Amino acid sequence: MKRNAILAVLMLAGTYAMACTNFIVGKKASADGSVFCSYTADDYGMFIGLCHYPAGKHMPGEMRKIFDWESNVYHGEIPEAPVTYNVIGNINEYQVSIGETTFGGREEMVDTTGLIDYGSLIALGLQRAKTAREAIKVMTTLAETYGYCSGGESFTICDPNEAWIMEMMGKGPGSKGVVWVAIRIPDDAICAHANQSRIRKFDQRDKKNVMFSKDCIGYARRMGWFSGKDADFSFCEAYAAPDFGGRRFCEARVWTFFNHFADMSAYIPYVEGRAKDAEPMPLWIVPNRKVSLQDMRDCMRDHYEGTPFALDGDLGQGIWEMPYRPTPLTFEVDGKKYFNERPVSTQQSAFSYISQLRSWLPRQVGGIIWFGNDDGNMVPFTPVYCCTTVQPECYATPGADAVTFSDKNAFWVCNWVSNMVYPRYSQMFGDLKAVRDSLDNSYDTLQPAVEEKAIALCASNEQEAVKYLETYSCNKAQEMLARWKSLATFLIVKYNDMAVKPETNGRFERTKTGNGAHVKRPGFPATTAKRLVESTGSRFAVPNE
């Protein structure tokens, strides 16, 4: 089999387009009965905020123009649906939420003549579906009708009652066809995917919980990629079998999510990527405890802490113990290839979110997309209710783009802060974390009262409820931006020139005469100092007097 197309680009050219991560939690696996799903949109140079598609009614003959989500290249147009629903970010007004990760698969399966890319497919599914099952039907029908021009994708497709994973690939140039399989995640289970096809064998008789294209197996047979019994067919092995990168860079992120809720040590040989016959991980697991919103935040901020893949204890962490690594993921020394670990939380995230979907609440109140416009570890997740029809200015800022800074824009202000912190992580991150967590906690504290009022408004005046929730959503986003600007100036003052100005409760100390108090000079962290001495021997040793 040809090397996975996306991973080949990573290994050979040092780029990794849309290397994303998704987590999925069934409603009986969560602490409060929510369906949770999350997404990190990770791509260097990507600038994107919180998109919005208003609800609408469309006349016969009205057409929808299709622009590629990544490149903005115009692909063509398709007929509009008679009715489309309000979409804010990756959630719609009916609490349907869709995310994705790219796994690429066999290069020859990409339909370069197809009309619809994976990003457009997500938007169309959200605009045209009231349930996850309906979204699957919408997305697969569109791809089979107009052609699918992206590589292999894993999609997370959830509503307040069901969580699904769907994998899709084209059938080659000019085919206007796709092979796909969708599996419902059990309500008491959790699942994840991260740029590697994960659906292997599936129960082809379970019509309630499994859907797949008519020629999902037959196409692989015709191409000579599968010759066994139908019952033994593996989507992953036929179309996108994992290589070293698929396991170490991708499946390891699934492993670390599962490892928060189960002992996954038995699968370390698999995710290490070296033992070819190691047992793959299951598609889902039943967690050893219920998963909370805070658990989801923690998992989105994961750097393999406390595991064999942790990003500490070596030169790559720099002086101040940074759990991030420069890219590309691979590099050469004296003609030999080496690699860096690829954690869930990574500096190239354009945005990240956690969708919370709740069946027992009015739909306007039940769906929240907790949104952050940067690496999830470095920002709070602000609440945006699914009924919201107005984008917060900081998440959709006129004039700001990938090469135009704006202090009104969350992407740029959040990156301003995070890029100060990254290289001096152990020294500065504590201050960022304190502000981040205080904001997250404030949203949690306010949520019951906000939703109690919104539920009451829904019963009497739905439009007022929507206005109330979208005002709250926009206000919290803008308040976050203001607080992050304040954090940026605080950090540059406190840590200027690698020294530390003393402060108490956020106020910098002064001398009796009004000058700034004397700075502290912390020097190297102990582990760095020890490593420096070990590597340089007596070179910097102070001689005995």
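All residue numbers refer to positions counted from 1 along the written sequence of the respective chain. Given that this is a predicted model, residues contribute local features only at a pLDDT of at least 70 and side-chain atom pairs are listed and counted only at 80 or more, while totals for whole chains, interfaces and linings are drawn from all residues. Side-chain measures here rest on the full set of heavy atoms in the structure, leaving out hydrogens and waters.

## A few points about the pairing of strand β10 (residues 97-104)
Along β10, 8 of the 8 residues are buried, which leaves the element largely enclosed by surrounding structure. Strands pair, by our definition, only if DSSP identifies at least two bridges between them. Only DSSP runs of H or I reaching four residues or more are called helices, and only runs of E reaching two or more are called strands; each is numbered from the N terminus. One ladder, built from 7 bridges, connects β10 with strand β11 (residues 152-158); its direction is antiparallel. Note that in β11 the partner of threonine 101 across the bridge is serine 154. The classification of residues rests on relative accessible area computed with a 1.4 Å probe and restricted to protein chains. Under 20% of the type maximum is buried, over 50% is exposed, and intermediate values are partly exposed.

## A short note on the sheet that holds strand β20 (residues 368-372)
Ordered by their spatial adjacency, 7 strands build an open sheet running β16-β14-β1-β2-β19-β20-β21, and the pairing between neighbours is antiparallel. Single-partner strands in this sheet number two, and they are β16 (284-285) and β21 (382-385). Two strands pair when backbone bridges link them, and strand β2 (residues 35-42) and strand β19 (residues 349-357) are joined in this way by 8 bridges, in the antiparallel orientation. Within β19, the residue paired with tyrosine 39 across the bridge is tyrosine 353.

## A short note on the pairing of strand β17 (residues 330-333)
The side chains of a regular strand alternate, first on one face of the sheet and then on the other. Looking at chain direction, β17 and strand β18 (residues 336-339) are connected through 4 bridges and run antiparallel. When the sheet's bridge partners are listed, threonine 330 is paired in β18 with phenylalanine 339.

## Comments concerning a nonpolar patch on the surface
Patch definition: residues above 30% relative accessible area lacking any salt bridge, with like charges linked at up to 9 Å and the nonpolar side chains Val, Leu, Ile, Met, Phe, Trp and Tyr linked at up to 5 Å. The accessible surface values rely on the Shrake-Rupley method and a 1.4 Å probe; as for residues, cover is taken only from the protein chains in view. By salt bridge we mean one thing: a side-chain nitrogen of Lys or Arg within 4 Å of a carboxyl oxygen of Asp or Glu. A surface patch of nonpolar side chains, amounting to about 360 Å² of accessible area, comprises Ile319, Phe524, Leu532 and Phe540. Summarising the element assignment, leucine 532 is placed in helix α13 (residues 526-536). Leucine 532 sits in the partly exposed class, given a relative accessible area of 32%.

## Some words on the packing of helix α2 (residues 118-128) against helix α3 (residues 132-146)
Axis lines are fitted through C-alpha atoms, for helices just across the contact stretch, and the angle between N-to-C directions can take any value from 0 to 180 degrees. α3 packs onto α2 with a crossing angle of 135° between their chain directions and a minimal axis gap of 9 Å. By the angle between their directions, the pair α2 and α3 is classed as oblique. Both α2 and α3 take part in a crossing whose hand is right-handed. The segment α2 lies against α3, with Leu121, Ile122, Leu124, Gly125 and Arg128 engaging Glu134, Ala135, Val138, Met139, Leu142 and Ala143. Angular relationships are summarised with four words: roughly parallel below 35 degrees, roughly antiparallel beyond 145, roughly perpendicular across 65 to 115, and oblique for the angles in between. Note: crossing handedness is left-handed where the near helix turns anticlockwise from the far helix by less than a right angle, and right-handed where it turns clockwise. Contact criterion: two residues are considered in contact whenever any of their non-hydrogen atoms come within 4.5 Å of each other.

## Overview of the nonpolar core
Nonpolar core, defined: a set of buried Ala, Val, Leu, Ile, Met, Phe, Trp, Tyr and Cys residues in which side-chain atoms within 4.5 Å join the residues together. By size, the foremost hydrophobic cluster in this structure holds 122 residues, and its most contacted members are Phe233, Phe235, Tyr239, Phe257 and Trp484. The leading source of residues in this core is helix α12 (residues 462-494), at 12 residues. If you look at the next biggest cluster of nonpolar residues, it comprises 29 residues, including Ile66, Val87, Val138 and Ile157.

## Brief notes about the packing of aromatic side chains
Side-chain rings of Phe, Tyr and Trp (the six-membered ring for Trp) are treated as a pair once their centres are within 6.5 Å; stacked means planes under 30 degrees apart, edge-to-face means over 60, and tilted covers the remaining angles. Applying the stated criterion across every chain, the model contains 34 aromatic pairs. One aromatic cluster is present, formed by Phe202, Phe212, Tyr219, Trp225, Phe226, Phe233, Phe235 and Tyr239 through successive ring pairs.

## What about the layout of surface pockets?
Gaps between atoms show up when a probe of the same size as a water molecule is rolled over them. Estimates place the volume of the largest pocket at around 820 Å³. In the cavity and pocket records, a cavity denotes points on a 1 Å grid over the protein atoms alone where a 1.4 Å probe fits but cannot get out, a pocket denotes an open set with protein on both sides within 12 Å along at least 5 of 7 lines, and lining residues are residues with an atom within 4 Å of a point. Along its surface, the largest pocket is lined by 36 residues, and Phe47, Ile48, Cys51, Tyr53 and Trp69 are the ones closest to its centre. Of all the secondary-structure elements, those providing two or more residues to the lining of the largest pocket are β3 (52-53), β5 (63-67) and α2. By residue number, the principal contributor to the lining of the largest pocket is α2, which donates 5 residues. Grid points are joined across faces, edges and corners, and a volume is the space filled by probe spheres set on the points.

## Let's talk about the state of the cysteines
Cysteine sulfurs are considered disulfide-paired once they come within 2.5 Å of each other. Across all of its chains, the model carries 0 disulfides by this definition. Free of any disulfide, cysteine 37 has its nearest cysteine sulfur in cysteine 158, 4.0 Å distant. Since its relative accessible area comes to 1%, cysteine 37 is described here as buried. In this structure cysteine 191 is not part of a disulfide, and its nearest cysteine sulfur, from cysteine 158, lies 9.2 Å away.

## A few points about the environment of histidine 58
Checked against the element boundaries, histidine 58 lands in the loop between β4 (56-57) and β5. The class for histidine 58 is buried, based on a relative accessible area of 18%. Sequence separation of histidine 58 and aspartate 277 is 219 residues, and the distance between their C-alpha atoms is 54 Å. Apart from residues no more than four positions distant in its own chain, histidine 58 is found in contact with Glu80, Ala81, Pro82 and Thr84. In terms of polar contacts, histidine 58 uses its side chain to reach the side chain of threonine 84, at 3.0 Å. The term polar contact refers here to a pair of N or O atoms within 3.5 Å; inside protein, the definition further demands a hydrogen-donor-capable atom paired with an acceptor-capable atom, and it admits residues adjacent in sequence only when both atoms are side-chain atoms.

## Let's talk about helix α8 (residues 293-300)
The element α8 is largely enclosed, with a buried count of 6 among its 8 residues. Of all the residues in α8, the buried ones are Leu293, Asp295, Met296, Arg297, Cys299 and Met300. Here the buried face of α8 lies against β1 (21-25), β2, α6 (244-259), β19, β20 and α11 (425-460).

## As for the pattern of salt bridges
Enumeration over the complete set of coordinates arrives at 27 salt bridges. Here glutamate 251 ties to arginine 198 by a salt bridge, and the two come within 2.9 Å at their closest N and O atoms. One end of the pair, glutamate 251, is in helix α6; the other, arginine 198, is in the loop between β14 (190-193) and β15 (210-212), with 53 residues separating them in the sequence. Look at glutamate 251 and you get buried, because its relative accessible area is 2%.

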